[in-house]
Amino acid sequence: MLWRLPRSGSFLALAIWLLCGLPHSSGGEFLAENPRHLRQLKAQVRAAQFLSKATFGPKQDDIESLAERIGQIGYRRATSEWIDRQFALPPTSHQQVALDIIDLDGRQPDQDQIGIANYRYQAWWHIALTGEDQLRQRVAWALSQIFVIGDSGNNFNNNDKRAIGGGEETIPDWMGMSNYYDMLAGGADGSYRELLEQVTYHPCMGVWLSSVRNRKANLNQGRFPDENYAREIMQLFSVGLYEMHQDGRLKVNDNGELIPTYDNAQIKELARLFTGFKYKHNASNSFYVNLNYGEPMQIHIQEHDNNYNYSEEPGAPASKTVFGTTLPPLPDVLTAEAIGEEIDAGLDAIADHPNVAPFICRLLIQRLVKSNPSRAYLQRVTRIFNDNGRGQRGDLKAVVKAILTDPELYRGQRLIRRTGPLRLQVVTRGTEYSRLREPINRVTALIRAMRPTSDYGGGYMMLSAAIGNDLEQMPFRSPSVFNYYLPDFQPPGELIGYTPTRRNPYDSLFAPEFQILNAVSSNRTINRLRSFCLNRFVQYSMRKGRCRISFDLAPEIELARDLENLDTILERFDLLLCNGTLRESTKTIIKDAVIAETTGRDWMNVDRVEQMLLAVVICPDCAVEQ
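Small disclaimer: the values here were computed from a predicted structure and weren't measured.

A.B. asks: Which parts of the structure should I look at to understand the pattern of salt bridges?
C.D. replies: Oppositely charged side chains may form a pair once their charged atoms are brought near each other. Within the structure shown, the criterion is met by 49 salt bridges. With its nearest N and O atoms 3.1 Å apart, the salt bridge here joins Arg 272 to Asp 305. In this pair, Arg 272 sits in helix H12 (residues 264-273) while Asp 305 sits in the loop between strand E5 (298-299) and strand E6 (321-322), placing the two residues 33 residues apart along the sequence. By relative accessible area, Arg 272 is classed as buried at 6%. Take Asp 305: its relative accessible area is 1%, and that puts it in the buried class. For Glu 432, the salt bridge is made with Arg 503, and the minimal N-O distance between the two is 3.8 Å. With Glu 432 in the loop between strand E9 (423-428) and strand E10 (435-436) and Arg 503 in the loop between helix H19 (468-471) and helix H20 (519-535), the pair connects residues that are 71 residues apart, well separated along the chain. On the basis of relative accessibility, which here comes to 29%, the residue Arg 503 falls in the partly exposed class.

A.B. asks: Just checking my understanding: could you explain the sheet that holds E9 for this structure?
C.D. replies: Sheet strands pair by backbone hydrogen bonding; their relative direction is either parallel or antiparallel. Pairing is antiparallel across the open sheet formed by three strands, whose spatial order is E1-E9-E8. Where the open sheet ends on each side, the last strands, each with one partner, are strand E1 (29-31) and strand E8 (413-418). The sheet shows a mean angle of 20° between the axes of neighbouring strands, direction not considered. The sheet contact formed by E1 and E9 spans three bridges and is antiparallel. Residue pairing across strands places Phe 30 opposite Leu 424, the latter belonging to E9. Relative to E8, helix H2 (residues 35-54) is tilted by about 170°, and along the sheet it contacts E1, E8 and E9.

A.B. asks: How should the packing of aromatic side chains be read in this particular structure?
C.D. replies: Two numbers describe a pair of aromatic rings. These are the distance of the centres and the angle of the planes. Taken as a whole and judged by the stated rule, the model has 21 aromatic pairs. The interplanar angle of 90° and the centroid separation of 5.2 Å between the aromatic rings of Trp 124 and Trp 125 together place this pair among those described as edge-to-face. Members of the aromatic cluster, each reached through a chain of ring pairs, are Phe 147, Tyr 192, Tyr 201, Tyr 229, Phe 237, Phe 274, Phe 277 and Phe 385. The ring centre of Phe 56 lies 6.0 Å from the NZ or CZ of Arg 138, which sits over that ring.

The rules behind the values
Residues numbered from 1 in each chain as written. Predicted model: local features only at pLDDT ≥ 70, side-chain atom pairs only at ≥ 80, totals over all residues. Heavy atoms only, no water. Salt bridge = Lys/Arg side-chain N within 4 Å of Asp/Glu carboxyl O. Helix = DSSP H or I, 4+ residues; strand = E, 2+ residues; numbered from the N terminus. Buried < 20%, exposed > 50% of the residue type's maximum accessible area, 1.4 Å probe, protein only. Pairing = 2+ DSSP bridges. Axes fitted to C-alpha atoms, helices over the stretch in contact; angles between N-to-C directions. Contact = heavy atoms within 4.5 Å. Phe/Tyr/Trp six-rings, centres within 6.5 Å; stacked < 30°, edge-to-face > 60°. Lys NZ or Arg CZ within 6 Å of the ring centre and 35° of its normal.

Spelled out as structure tokens, the structure:
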């Protein structure tokens, strides 16, 4: 039965039917007029599949443009060229976009009692939905789930700003997280080592992992350096918990036990290294200067550990050691330059650890392409991380290009030429080639695909942070340093009827995004998508007024006047939202429901399109990305 907006019972019945009652089969089919058209269709499917991973969702014009280029010079060259063009674009600034929206609203960035911090979410949505630098922003979204901070930090939502001497002021506190995100976006095509340093010195990270105002030890007072950042820079930002081969396999010792990458002694050593950080101030020498979330932290010399074994005792070790590397000794009279060199050497030792390449590359592949990269895929990418071909280690642009141009990205789909009639058949390869789409990406992909327009001034396309309550995911709102979900999360219960192949480095499968999929989030997400599709717009209250993002479905609505055109409409939705994987059995269920409800009622053409769109958006072929 067709579902209408307030008929929740019929909606639930068909939703369950679509989500649970489908037999396993191959993906979709696309009818071809001739061999040339078949080649075009193949290029379009490949382009859609690539763009679903390299952007916040493919648009029809972008698919056609990339597909044309694929036809001219081949897939790898065309996608590599696309990546180069994207990284040549200047980064879109979240800080500046937020300020622009505030100015449009006739307000000030430090205005009181208006929920000013919500402008950072409005800016994020606008950039994700409309930004030209889609690849950079998509990589920044991935990096923000590795170098994690969340908005529950001290004063992260305040509107305060303050003088720092020399006639300068800080940015308002709430903009600190946007500043941090812009740092990630700017570093998306830079060096991992440089980005690690920027993360280390950023005051928002200093607050989130308590490295700001981290004091050296004083044994007489029973005080020792805070170990929070020292632990997480290793566990989450660089090497992980256990030693790895370059293809992702975990190393074991002679007893078959996993080999830890670090121990408590190494944590303590790094905790001593990351002491003395304070907020930047141009005039005051105090360790306790006021907050400044817009500029890198400075070192307060008197509170940096001076290598005299916590207590300035004679005969203590002259240097700290990080992963077997002895850092430069500090002079008897400490200087900011010497301390900076010591911290640089410590970050060098972390960044040069052999675990960094497989650890970081696996996380990036999970966030961009698939949950379970094969050993060969991971090794190909780590090889580029270790050396980009020009002797440079940690070149993130080269790593991203290696991830997105690797054959494993598109091997989740086999594209087969069929005859009688001539058509392109998409055959999905399933479990190890797939992942559950992030809720955020499901929403951005839907909106971008529907030729959206906004009624907000300046054409800004914005959603409220309130949608995070439905999705269990919202930029800037990670509940902990461990992100929204763990990279090694496995849904409870046995994996029935499937055994991981030898291609898999862990002999087990992981599904990170399933950690935030539960009965409540699933129901809320589907109902939110239902509202978007059946209204043909997305609407949320902003800090001033409301923003309605309308879908332009006029071409599909016109086609839907004739039931003979249902296949054409579904093929369009399939390409844009499912990358060609919408199964024929799914299409049949959708078409049969529409035909049964609207035969002889061609005036229901709008209903037909809305219901088909919703059915596609909530079906497993759309929720699970190949």
